[in-house]
Amino acid sequence: MACNLHSVLPGRKFAATSCQLMVNTKMGNASVASLNSTVTSTGIPGPSTLIMRKSLTERILLEPAERKVGNGKFGRFGGKYVPETLITSLNMLEAEFHLVLHDADFQAELATALRDYIGRETPLYFARRLTDHYKNNRGEGPEIYLKREDLNHTGAHKINNAIGQAMLAKRLGRRSVVAATGAGQHGVATAAACAKLSLECTIFMGNIDMEKQSSSVLLMKLLGAQVKCVDGNFKDATSEAIRDWIGNLETSYYLPGSVVGPHPCPSMVREFQSVIGKETRRQAMERWGGKPDVLLACIGSGSNALGLFYEFIRDDDVRLIGIEAAGSGLESGRHSATLAKGEVGVYHGAMSYLLQDEEGQIIGPHSIGVGLEYPGVGPELSFLKDTGRAEFHTATDQEALDAYALLCRLEGIFPALEASHALAYLEKLCPTLPNGTKVVVNCSGRGDKDAATVFKRKQDINGAMHASFSLLLNSCKPP
Ligand SMILES: Cc1ncc(COP(=O)(O)O)c(C=O)c1O
């Protein structure tokens with residue numbers, strides 16, 4: 001096992017023994033236990049009844065009897081590989097997170113925000129024409145449903161987590177929030193949540209991504225965020241954001257956009273995103289009286305995938321399939337397929353699979369879906385890979401572009417290029433499935449932000465570009 005120990009402070013490396021600090025589980029577990037008993041003894045109803053059409057007692061966050069946030073270890077993965085200066089802040093965050101999991105006021109406020117601000121629940125849409133497209137010559141094939149996270153306010157699943165964490169930041173008495181974004185979706189979601197909750201907001205973004213996702217930069221600025229340009233892409237922006245937070249631990253809150261980073265970040269983001277799978281279970285039950293057979297999601301760092309999968313992890317009859325970005329091809333060296341090609345190491349505070357060279361240095365990731373360009377992956381997904389509970393495959397840039405175009409034409413839906421990777425895998429998956437198999441694809445975001453990239457790629461392939469496309473592209477220079 002390779003064990004390259006990148007710390008959150010660029011340039012500094014820590015030996016595993018000296019930087020692996022124990023989590024204060026005693027405090028965390030004690031508070032969970034006592035709060036659990038309070039909840040059961042007082043019978044506080046799940047606030048999610050506010051957003052339920054049926055009388056199911058579904059809670060927005062963790063269900064006390066079933067779920068444990070744990071100590072942040074997923075087998076050999078996860079942990080808290082950070083300098084000591086961060087431990088107090090992370091422990092405070094962990095304690096507060098344990099509290100809000102069972103806090104009726106927080107749950108009610110979150111339920112209201114999810115319903116009235118974000119627009120949940122998102123539909124489970126039957127993609128009839130896509131289903132027909134994948135039928136074989138006997139007219140048989142799976143039924144394809146899209147979980148429409150693209151219909152969320154700000155256009156992606158990222159807001160589910162951003163709003164929850166911004167509320168936490170407020171409870172912790174922080175004045176400002178700092179975050180990093182690649183595709184811009186997490187940046188826009190965080191900026192919106194901060195505007196709503198009156199928090200100052202700074203978003204770090206790589207110069208390459210700012211050019212590709214210029215419309216998101218405009219939105220973040222309009223929402224009142226300060227957008228700071230970093231040389232490089234998402235991984236560089238993340239390092240800068242963490243560095244900025246370390247300089248302002250008393251007043252600032254670092255808001256991770258995915259299930260990565262030191263404990264409790266992966267568990268916390270997963271819990272805020274788990275509303276996707278909870279809704280899916282209920283919607284499937286209402287629609288066909290059972291569970292989905294297959295869940296399919298793209299994987300950048302893993303938040304939309306775990307958000308959908310987590311509810312079904314104990315349902316062994318539900319196949320969980322994650323799709324990574326193969327970029328220009330797995331053998332090209334230009335991809336973001338961490339689970340397919342990575343080795344175990346430590347990056348941004350946790351142990352997981354990682355794209356690294358023989359000396360343990362990070363290999364720059366590539367994908368046409370900017371939000372998939374991260375050299376690591378959430379530790380819980382690494383665990384699901386090693387245990388075999390989930391399957392992982394890949395889709396190339398070209399396959400994702402084809403899937404984007406197909407969904408536009410067949411369903412009138414623009415999927416984000418990130419989500420298009422999951423859709424692309426239907427080409428390989430559908431012919432292998434029995435007739436009537438129920439497949440749910442997480443349509444994690446909307447693809448308007450990617451239209452210019454798709455047109456440009458078309459132009460590169462076709463040579464000439466139509467004049468109106470040219471006009472459109474020229475008006476999209478980075479602000
Ligand atoms: C629409 C969309 N889907 C997926 C992702 C990948 O992130 P994750 O794997 O955390 O869901 C991103 C990241 O920015 C995104 O914007």
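About the cut-offs
Residues numbered from 1 in each chain as written. Predicted model: local features only at pLDDT ≥ 70, side-chain atom pairs only at ≥ 80, totals over all residues. Helix = DSSP H or I, 4+ residues; strand = E, 2+ residues; numbered from the N terminus. Buried ≥ 20, exposed ≤ 12 C-beta atoms within 10 Å, placed from the backbone. Contact = placed C-beta atoms within 7 Å. Arc of directions from axis to C-beta. Near = placed C-beta within 6 Å. Nonpolar A, V, L, I, M, F, W, Y, C, P; charged D, E, K, R; others polar. Axes fitted to C-alpha atoms, helices over the stretch in contact; angles between N-to-C directions. Parallel < 35°, antiparallel > 145°, perpendicular 65-115°, else oblique. Pairing = 2+ DSSP bridges. pLDDT = per-residue confidence, 0-100.

Student: An account of the overall build of the protein chain is requested, with residue identities and associated values reported.
Tutor: Regarding its fold elements, the protein chain presents 20 helices and 14 strands. Here the protein chain holds 479 residues, and the buried ones make up 53% of them. Long-range pairs, those at least 24 residues apart, make up 75% of the contacts in the protein chain with a sequence separation of at least 6.

Student: Kindly report on helix α9 (residues 214-222), identifying the contributing residues and their values.
Tutor: Along α9, the positions that sit buried rather than exposed are Ser216, Val217, Leu219 and Met220. Here the buried residues of α9 occupy an arc of 165° about the axis, which is enough to place them on one side. In the core, the buried residues of α9 are packed alongside α7 (185-197), β6 (200-206), α8 (207-212) and β7 (226-230). Looking at the residues trailing α9, positive phi occurs at Gly224, about 95°.

Student: Explain unusual backbone geometry to me, using residue names and the numbers behind them.
Tutor: For residues that are not glycine, phi is negative in most cases, and the peptide bond is trans in most cases. Between Arg120 and Glu121 the backbone carries a cis peptide bond, its omega angle lying at 10°. With respect to the secondary-structure elements, Glu121 resides in the loop between α4 (104-118) and β3 (124-126). A cis amide bond links His263 with the next residue in sequence, Pro264, at an omega value of 15°. Residue position: Pro264 is located in the loop between β8 (252-254) and α11 (265-273). Notably, Thr154 is not glycine yet its phi reads approximately 75°, a positive angle. Note on placement: Thr154 falls in the loop between β4 (143-148) and α6 (158-171).

Student: Describe the site of the ligand, naming the residues involved and giving the relevant values.
Tutor: In the vicinity of the ligand lie 22 residues, with Ser258, Gly300, Ser303, Gly371 and Gly445 positioned nearest. Of all the secondary-structure elements, those providing two or more residues to the shell around the ligand are α7, α13 (303-309) and α17 (417-424). Considering every element that reaches the shell around the ligand, the biggest residue donor is α13, with three residues. Within the shell around the ligand, the residues separate by chemical class into eight nonpolar, twelve polar and two charged.

Student: How would you summarise the packing of helix α16 (residues 397-411) against α17 if you had to cite specific residues and measurements?
Tutor: Each pair of packed helices can be summarised by the angle the axes make with each other and by the distance between the axes. Two elements in contact, α16 and α17, have axes separated by 8 Å at closest approach and are oriented at 90°. Judged by the inter-axis angle, α16 sits roughly perpendicular to α17. Touching Glu399, Ala400, Asp402, Ala403, Tyr404 and Leu407 of α16 are Leu417, Ser420, His421, Leu423 and Ala424, all from α17. A per-class count over the contact of α16 with α17 returns seven nonpolar, two polar and two charged.

Student: For α11, give the residues involved together with the corresponding values.
Tutor: The buried fraction of α11 amounts to nine of the nine residues, a majority that puts the element mostly inside the structure. Burial in α11 covers these residues: Cys265, Pro266, Ser267, Met268, Val269, Arg270, Glu271, Phe272 and Gln273.

Student: Please give an account of the pairing of strand β13 (residues 390-396) that cites residues and values.
Tutor: Across the seven residues that make up β13, a large majority, six, are buried. Two elements, strand β10 (residues 319-327) and β13, share seven bridges in a ladder whose sense is parallel. In the strand pairing of β13, Gly322 is matched with Phe392.

Student: I'd like a description of the sheet that holds strand β14 (residues 438-443), backed by residues and values.
Tutor: Within the open sheet, the six strands sit side by side as β3-β4-β14-β9-β10-β13. Their pairing is mixed. The two strands at the open ends of the sheet, each matched to only one other strand, are β3 and β13. Adjacent strand axes in the sheet meet at a mean angle of 30°, parallel and antiparallel pairs treated alike. Sheet topology places β4 next to β14; six bridges connect them, and they run parallel. Paired with Glu143 across the two strands is Lys438, which belongs to β14. Docked against the sheet, α17 engages β9 (294-298), β10, β13 and β14, running at close to 140° with respect to β9.

Student: Explain the sheet that holds β6 to me, and be specific about the residues and the numbers.
Tutor: Strands in a sheet are paired, the pairing made by backbone hydrogen bonds, and the direction either parallel or antiparallel. Strand order across the open sheet formed by four strands is β7-β6-β5-β8, with parallel pairing between neighbours. The open sheet has two edge strands with one neighbour each: β7 and β8. Each neighbouring strand pair of the sheet contributes to a mean axis angle of 25°, computed without reference to strand direction. Looking at chain direction, β6 and β7 are connected through five bridges and run parallel. Directly across from Gly206, in β7, lies its bridge partner Val230.

Student: Give a description of the environment of Thr338 that names residues and reports values.
Tutor: Relative to the assigned elements, Thr338 resides in helix α14 (residues 338-341). Spatially, the C-alpha atom of Thr338 lies 9.9 Å from that of Glu373, the residues being 35 residues apart in sequence. When near neighbours in sequence (up to four residues on either side) are disregarded, Thr338 contacts Glu324, Tyr353, Leu354, Leu355, Pro375, Gly376 and Val377.

Student: Describe the pairing of strand β12 (residues 350-354), and please don't skip the residues or the numbers.
Tutor: Among the five residues of β12, five are classified as buried, and the element is accordingly described as predominantly covered. The antiparallel pairing of strand β11 (residues 343-347) with β12 creates a hairpin that spans two residues between the two strands, and His348 there sits at a positive phi of about 45°.

Student: Can you explain the environment of Leu406? Please cite residues and give values.
Tutor: With respect to the secondary-structure elements, Leu406 resides in helix α16. Considering only alpha carbons, one finds Leu406 and Ala424, 18 residues apart in sequence, at a separation of 9.3 Å.

Student: Tell me about the environment of Cys265, and name the residues and values.
Tutor: For Cys265, the position within the fold is in helix α11. Along the primary structure Cys265 and Lys80 are separated by 185 residues, whereas in three dimensions their C-alpha atoms are 9.6 Å apart.

Student: Go over the confidence of the model for the protein chain, please, and point to the residues and values.
Tutor: In the predicted model, the protein chain carries a mean pLDDT of 85, and 81% of its residues have values of at least 70. When the criterion is pLDDT under 50, residues 1-57 qualifies, and its contacts beyond four places in sequence or with other chains add up to 93 contacts. Throughout residues 464-479 the model reports pLDDT below 50, and contacts reaching past four residues in sequence, or to other chains, amount to 20 contacts.

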